[in-house]
Amino acid sequence: MERQITRRYAFAKKDLKEMILEWLRDKDLPVPANVDDATWDMDGETIALEWTAPS
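What counts and how
- Starting from 1, residues in each chain are numbered consecutively following that chain's sequence as written.
- A pLDDT threshold of at least 70 governs which residues receive local features in this predicted model, and a stricter bar of 80 or more applies before side-chain atom pairs are shown or counted, although totals over entire chains, interfaces and linings include all residues.
- By convention in this description, side-chain values take in all heavy atoms of the structure and omit both hydrogens and water.
- The helix and strand labels rest on DSSP assignments: H or I over at least four residues marks a helix, E over at least two residues marks a strand, and numbering proceeds from the N terminus.
- Here the globule rule reads 2.2 Å times residues to the power 0.38, and the radius of gyration is calculated from C-alpha atoms.
- Here a helix's expected span is defined as the number of its residues, less one, multiplied by 1.5 Å.
- Note on exposure labels: buried denotes an accessible area under 20% of the residue type's maximum, exposed denotes more than 50%, and partly exposed covers the range between, all computed with a 1.4 Å probe on protein chains only.
- By arc we mean the arc of the directions from the helix axis to the C-beta atoms, nothing more.
- Contact between two residues is taken to exist if any of their heavy atoms lie within 4.5 Å; hydrogens are not considered.
- Definition used for salt bridges: Asp or Glu carboxyl oxygen within 4 Å of a side-chain nitrogen of Lys or Arg.

Novice: I'm lost on the overall build of the protein in this one. Help?
Specialist: Secondary structure summary: the protein contains one helix and two strands in total. Across the protein, helices and strands are ordered from the amino to the carboxyl terminus as α-β-β. Relative to a compact globule of 55 residues, whose C-alpha radius of gyration would be 10 Å, the protein shows 15 Å and is clearly more extended. Across its three principal directions, the C-alpha atoms of the protein cover 60 × 25 × 15 Å.

Novice: I keep staring at helix α1 (residues 13–26) and nothing clicks. Help me out?
Specialist: In this model, α1 (14 residues) spans 20 Å end to end at C-alpha, consistent with the 20 Å of a helix rising 1.5 Å per residue. Every buried residue of α1 is listed here: Lys-17, Leu-21 and Leu-24. For α1, the angular spread of the buried residues around the axis is 60 degrees, confining them to a single face. Structurally, α1 contributes buried residues whose contacts are with β1 (39–41) and β2 (48–50). Following α1 by one or two positions, Asp-28 has its phi on the positive side, about 60 degrees.

Novice: Even after reading the chapter, I still don't get the pattern of salt bridges, so can you show me in this structure?
Specialist: Once their charged atoms are close, side chains differing in charge can pair, the charge on each being opposite to the other. Tallied over the entire structure, the rule returns one salt bridge. Between Lys-14 and Asp-36 there is a salt bridge whose closest N-O contact spans 3.4 Å. Of this pair, Lys-14 sits in helix α1 while Asp-36 sits in the loop between α1 and β1; the two residues are 22 residues apart in sequence, bridging distant segments of the chain. Of the residues examined, Asp-36 reaches a relative accessible area of 61% and is grouped as exposed.

Okay, here's the thing in structure tokens:
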């Protein structure tokens, strides 16, 4: 008989935002200095962040 295992991962939004910024930095993409410097849209099926980079 095959055993099924259910897993659930939950992250605080701030932790998830930090993970996203770290992932983008690893790809050498420009990112805001910290999560509070960006506007985050985490509704629906996508996560979007927007910020104005200093010139």
